[in-house]
Amino acid sequence: MTSIGIYGSLGRMGTAIRDILAVQGVRLAGGADAGDDPAELARAADALVDFSTASALPAHLAAARDAGTPIVIGTTGLSAADHALIDDAARDIAVLQTGNTSLGVVLLTRLVREAATRLGADWDIEIVEAHHRHKLDAPSGTALMLGEAAAAGRGVSLGEVRVADRAGLSGARAEGTIGFASLRGGSIVGDHSVMLATEGERIELAHRAEDRAIFARGAVRAALWLADQPAGRYTMDAVLGL
Ligand SMILES: NC(=O)C1=CN([C@@H]2O[C@H](COP(=O)(O)OP(=O)(O)OC[C@H]3O[C@@H](n4cnc5c(N)ncnc54)[C@H](OP(=O)(O)O)[C@@H]3O)[C@@H](O)[C@H]2O)C=CC1
Ligand SMILES: O=C(O)C1=N[C@H](C(=O)O)C[C@H](O)C1
């Protein structure tokens, strides 16, 4: 039976994943948290999931690569350098990185791309996300993923059109930009909405996570799938056969 190891096993997501493993009867290879040796877990597990913190990613990725163990990276707040490390590791092991492991967000991402493809640049795109008060990164990984999908639909790169800060006299909205706004409060699990607005009408596409179990189920499904894949970089679309 495939065993799964968890980086960040004592956190909110680590706890939710351990619960799902128990419900589904999937073997837990163990957990590693701050101060533990990531290499030991990587050698013990058939597949790894990482829901820890961005600063720990290089060490977790290196441990997975050395052990030849596939890894699902759910941790957000990743830098361009982290993404380059993931691309490099994916030459030797199977790596799946995603800002959101829920089925609903995978579908939302597709809908956003489709909408952005079909609507012209006179439709303004704004992405709003809300999360619990403990969240460390903004915009959320999911918001960035939705922004990437919208930008891809328009045939541009998100880096060229992204606007994440409108404090002060920021001026009128520039056509073709994609705006981000982040709210933080209480225990919100994760809300994302994408607004496409033009003169006289607007469309809103939204997803609301009500329970971390949706992310945990997706992460376990992804890890079990990834355990049988050859080296490469994958997304949740591949897991779901989309
Ligand atoms: N892709 C997705 O679907 C989802 C992604 N996330 C992302 O997952 C990450 C974790 O979220 P969440 O569980 O809420 O956060 P938590 O803060 O609850 O959990 C993070 C855990 O990682 C531990 N940790 C810190 N440093 C290390 C390290 N060097 N090695 C191993 N573990 C370490 C923390 O320990 P300590 O507390 O001692 O520092 C903590 O137990 C975030 O980046 C979040 O955005 C969250 C939900 C869904
Ligand atoms: O930190 C969280 O909690 C979440 N993080 C992910 C993100 O950054 O998008 C996914 C989900 O929204 C919950």
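Please read these numbers as outputs of a predicted model, since none were measured by experiment.

(A) Examining the overall build of the protein chain more closely. What the protein chain contains, in helices and strands, is 9 helices and 11 strands. Since a compact globule built from 242 residues should have a radius of gyration of about 18 Å, the 18 Å found for the protein chain is in line with a globular shape. For the protein chain, the spread of C-alpha atoms along the principal axes amounts to about 55 × 40 × 30 Å. Within the protein chain, the fraction of its 242 residues that count as buried is 39%. Considering only contacts in the protein chain between residues 6 or more positions apart, those separated by 24 or more positions represent 70%.

(B) How the structure looks around the pairing of strand β5 (residues 94-97). Here β5 shows a buried face lined by Ala94 and Leu96 and a second buried face lined by Val95 and Gln97. Pairing of strand β4 (residues 71-73) with β5 involves 3 bridges; the strand directions are parallel. Opposite Ile73, over in β5, you have Gln97 as the bridge partner. For the crossover that starts at β4, traverses helix α4 (residues 80-89) and ends in the parallel β5, the hand is right-handed. Taken together, the 3 bridges between β5 and strand β11 (residues 232-234) define a ladder with parallel strand orientation. Within β11, the position partnered with Ala94 by the bridge is Gly232.

(C) Broad picture of the site of ligand 2. The environment of ligand 2 is made up of Thr76, Gly99, Asn100, His131, Lys135, Ser140, Gly141, Thr142 and Gly190. Looking at the shell around ligand 2 residue by residue, the class counts come to no nonpolar, 8 polar and 1 charged.

(D) Focus on the sheet that holds strand β6 (residues 124-131). If you trace the 5 strands from one edge of the open sheet to the other, you get β7-β8-β6-β9-β10, paired in mixed fashion. Of all the strands in the sheet, just β7 (162-163) and β10 (201-209) have a single pairing partner and so form its edges. The sheet contact formed by β7 and strand β8 (residues 178-184) spans 2 bridges and is parallel. Residue pairing in the sheet places Val163 in a bridge with Gly179 of β8.

Parameters and conventions
- Residues numbered from 1 in each chain as written.
- Chains lettered and ligands numbered in written order.
- Predicted model: local features only at pLDDT ≥ 70, side-chain atom pairs only at ≥ 80, totals over all residues.
- Helix = DSSP H or I, 4+ residues; strand = E, 2+ residues; numbered from the N terminus.
- Rg over C-alpha atoms; globule rule 2.2 N^0.38 Å.
- Buried ≥ 20, exposed ≤ 12 C-beta atoms within 10 Å, placed from the backbone.
- Contact = placed C-beta atoms within 7 Å.
- Pairing = 2+ DSSP bridges.
- Right-handed = clockwise from strand over helix to strand, strands pointing away.
- Near = placed C-beta within 6 Å.
- Nonpolar A, V, L, I, M, F, W, Y, C, P; charged D, E, K, R; others polar.

These results come straight from atomic positions and should not be treated as a statement about function.
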